[in-house]
Amino acid sequence: MKLLLSSSAQRVQAALAGHGIGLQVVEMPASTRSATEAAAAVGCDVAQIAKSLIFRSKQSDRPVLVVVCGVNRVDEGKVAALIGEAIGKADADFVRARTGFAIGGVPPIGHTEALTTLIDADLLAFDAIWAAAGTPNAVFRLHPSELLAITGGQVADVKSEE
Ligand code: 5CA
């Protein structure tokens, strides 16, 4: 664990501090770029990794954040029904431009603009989950209720059943 956080991780730490709960960003020596790598690095189940996935709304061209259980895939049709607009994948440039973070480190909070946020209901089953914190090495641990509190996201069934 590094004592001095990189600037992207510091932005996430500052956003967490702004919510007044003592959640701590940690930078790991190993990669946390993917859910599998993050789970190995912190020693949890892949299901306990909260993936922060960015989609692009087709009509209004807005970023949509879906925070997903590490073992699930997103059903884009379910998300579209929930937000009232079709969505597509976001490319790396869109993600960076509209969140301020690069793919592999996109956090659930601290973005450059407020994001419409949906939270996979499956994440609520755990006592502890881990989310990305701005870089492909940075994560923080939190309780699902804290994820709801800091994102203001809507809990929903967003997973693909395939
Ligand atoms: N730090 C880890 C664990 S929290 C992490 O960010 N995992 S993740 O799953 O939330 O982010 C990786 C996701 O980025 C992939 O699941 C995929 O949806 C997306 N992604 C990866 N490469 C690309 C790409 N080239 N273009 C668009 N999206 C991508």
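Residues numbered from 1 in each chain as written. Predicted model: local features only at pLDDT ≥ 70, side-chain atom pairs only at ≥ 80, totals over all residues. Heavy atoms only, no water.

Participant: How should I be thinking about the overall build of the protein chain in this particular structure?
Facilitator: What the protein chain contains, in helices and strands, is 5 helices and 8 strands. Listing every helix and strand of the protein chain by position from the N terminus yields α-β-α-β-β-α-β-α-β-β-β-α-β. Here the C-alpha radius of gyration of the protein chain, 14 Å, is about what a compact globule of 162 residues would show, namely 15 Å. Burial statistics for the protein chain: of 162 residues in total, 49% are counted as buried. The contacts of the protein chain with a sequence gap of at least 6 include a subset with a gap of at least 24, amounting to 63%. The protein chain carries 14 positive and 17 negative side-chain charges, and their two centres are separated by 5 Å. (Helix = DSSP H or I, 4+ residues; strand = E, 2+ residues; numbered from the N terminus. Rg over C-alpha atoms; globule rule 2.2 N^0.38 Å. Buried < 20%, exposed > 50% of the residue type's maximum accessible area, 1.4 Å probe, protein only. Contact = heavy atoms within 4.5 Å. Lys, Arg positive; Asp, Glu negative; His and termini not counted. Charge placed at Lys NZ, Arg CZ, Asp CG, Glu CD.)

Participant: Is there a simple way to explain the side chain of T151 in this structure?
Facilitator: Among the secondary structure elements, T151 is positioned in helix α5 (residues 144-151). For T151, a relative accessible area of 16% gives the class buried. A polar contact of 2.7 Å, which involves the side chain of T151, links it to the backbone oxygen of L147. Within the local environment of T151, its side chain forms a polar contact with the backbone nitrogen of G153, the two atoms lying 3.0 Å apart. Sequence-distant contacts of T151, defined by excluding residues within four places in its chain, comprise P108, I109, T117 and I119. (Polar contact = N/O pair within 3.5 Å; in protein donor to acceptor, adjacent residues only side chain to side chain.)

Participant: Even after reading the chapter, I still don't get helix α1 (residues 7-18), so can you show me in this structure?
Facilitator: A turn of α-helix holds 3.6 residues, and therefore any two residues three or four places apart point the same way. Relative to the 16 Å expected for 12 residues at 1.5 Å per residue, α1 spans 16 Å between its end C-alpha atoms, a close match to the ideal helical length. For α1, the elements touching its buried residues are β1 (25-27), β7 (138-142) and α5. (Expected span 1.5 Å × (residues − 1).)

Participant: Please clarify how the site of the ligand should be interpreted in this entry.
Facilitator: T32, R33, K51, A90 and G104 are the nearest of the 13 residues found near the ligand. Within the backbone of T32, one N or O atom sits 2.5 Å away from a nitrogen atom of the ligand. Between the ligand and G104 there is a distance of 2.8 Å, counted from a nitrogen atom to a backbone nitrogen or oxygen. For the ligand, whose free accessible area comes to 600 Å², the fraction covered by protein is 63%. If you tally residues by element for the shell around the ligand, the top one is strand β2 (residues 49-57), at 5 residues. In terms of residue class, the shell around the ligand is made up of 7 nonpolar, 4 polar and 2 charged. (Near = heavy atom within 4 Å. Areas by Shrake-Rupley, 256 points an atom, 1.4 Å probe, with all protein chains shown as cover. Nonpolar A, V, L, I, M, F, W, Y, C, P; charged D, E, K, R; others polar.)

Participant: In this structure, what is going on with the nonpolar core? I would like to understand it.
Facilitator: Within soluble globular proteins, side chains that are nonpolar generally end up buried alongside one another. Counting 29 residues, the largest nonpolar core has L16, V25, I54, L123, F140 and L142 as its most contacted members. Excluding residues that lie within four positions of it along the chain, I54 makes contacts with P63, V64, L65, A90, F94, V95, T99, V106 and L115. Counting 11 residues, the second largest nonpolar core, distinct from the first, contains V68, V74, V79 and L118. (Core = buried A, V, L, I, M, F, W, Y, C linked by side-chain atoms within 4.5 Å.)

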